[in-house]
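Chain residues, written in single-letter form:
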Amino acid sequence: MGVATCRLAPYTSSTYISLMLTNKKPLEWIGSSHKNSMALPADVRRLFGFALSLAQSGDKHDAARVLKGFGGAGVLEVLEDDVGGTYRAVYAVKFAEAVFVLHCFQMKSKRGIATPKEDMDIIHARLKIAEAYVKELRK
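Each value, and the rule that gives it
- Residues numbered from 1 in each chain as written.
- Predicted model: local features only at pLDDT ≥ 70, side-chain atom pairs only at ≥ 80, totals over all residues.
- Heavy atoms only, no water.
- Helix = DSSP H or I, 4+ residues; strand = E, 2+ residues; numbered from the N terminus.
- Buried < 20%, exposed > 50% of the residue type's maximum accessible area, 1.4 Å probe, protein only.
- Contact = heavy atoms within 4.5 Å.
- Areas by Shrake-Rupley, 256 points an atom, 1.4 Å probe, with all protein chains shown as cover.
- Expected span 1.5 Å × (residues − 1).
- Phe/Tyr/Trp six-rings, centres within 6.5 Å; stacked < 30°, edge-to-face > 60°.
- pLDDT = per-residue confidence, 0-100.
- Core = buried A, V, L, I, M, F, W, Y, C linked by side-chain atoms within 4.5 Å.

The next thing to look at is the overall build of the protein. Secondary structure assignment for the protein yields 4 helices and 5 strands. A total of 139 residues make up the protein; the buried ones form 38% of that total. Restricting to contacts in the protein with at least 6 residues of sequence separation, those with at least 24 account for 53%. For the protein, the exposed surface amounts to about 8000 Å²; the carbon and sulfur share of it is 56%.

Structure, rendered in structure tokens:
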């Protein structure tokens, strides 16, 4: 399935103070989501970055919508069309501790707009990693 282990950056106390002053949640990248996002076209990255910044502040980008299959509004996706195709970023906002980027990818489906099963499996697995990380933080 290719789900990587959780890649979380350790934050220093000054980072936490800065995030508290700006009232932003930290942004955590799960698995290869950061590497995958860096491979996207620049305009797509810019839009996804803005959407993630809004999510960190507790806001929602106009292009963000709830990803079905996750029982509520805790997992969102942003879609962007570019000359090279359609791209998606999927992230979890349901945790008070952080916004977790679960998956960034180019849509390759020729059968409509449904998210392919392989990508949904990755998203589910990475959401479980985020849930386990938050559970550890709360101990």
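Helical geometry note: an α-helix holds 3.6 residues per turn, so side chains three or four residues apart project in the same direction. In this model, helix α3 (residues 42-56) (15 residues) spans 21 Å end to end at C-alpha, consistent with the 21 Å of a helix rising 1.5 Å per residue. V44, L47, F48, A51, L52, L54, A55 and Q56 are the residues of α3 that are buried. Buried positions along α3 lie against β1 (27-29), β3 (75-82), β4 (85-92) and β5 (99-106). G58 lies just past α3 and shows a positive phi near 85 degrees.

With that settled, consider the environment of L27. Relative to the helices and strands, L27 resides in strand β1. Here the alpha-carbon distance between L27 and A98, two residues 71 residues apart in the chain, equals 5.8 Å.

Below, the discussion takes up the packing of aromatic side chains. For the structure on display, the rule yields 2 aromatic pairs. For the pair F95 and F100, a centre-to-centre distance of 5.4 Å together with 85 degrees between the ring planes defines the contact as edge-to-face. Plain terms: the ring middles of F100 and Y133 are 6.0 Å apart, the flat faces sit at 80 degrees to each other, and that makes the pair edge-to-face. Linking F100 in strand β5 with Y133 in helix α4 (residues 117-137), this pair joins segments that are 33 residues apart in sequence. Looking at Y133, the relative accessible area reads 23%, which means it is partly exposed.

Of the residues in the protein, 81% reach a pLDDT of 70 or more, and the chain-wide mean stands at 85. Of the regions scoring below 50 in pLDDT, residues 1-7 engages in 19 contacts with residues more than four places distant in sequence or in other chains.

The next thing to look at is the nonpolar core. The nonpolar side chains of soluble globular proteins are, as a tendency, buried together. Formed by 18 residues in total, the largest nonpolar core has its most connected members in F48, V78 and Y91. Put simply, the parts of the chain that give this core at least two residues each are β1, α3, β3, β4 and β5. At 6 residues, α3 tops the list of elements feeding residues into this core. When residues no more than four places from it in sequence are discounted, the contact partners of F48 are L40, V78, L79, E80, Y87, R88 and A89. The next biggest cluster of nonpolar side chains, apart from the first, holds 17 residues, and it includes I30, F105, I123 and V134.

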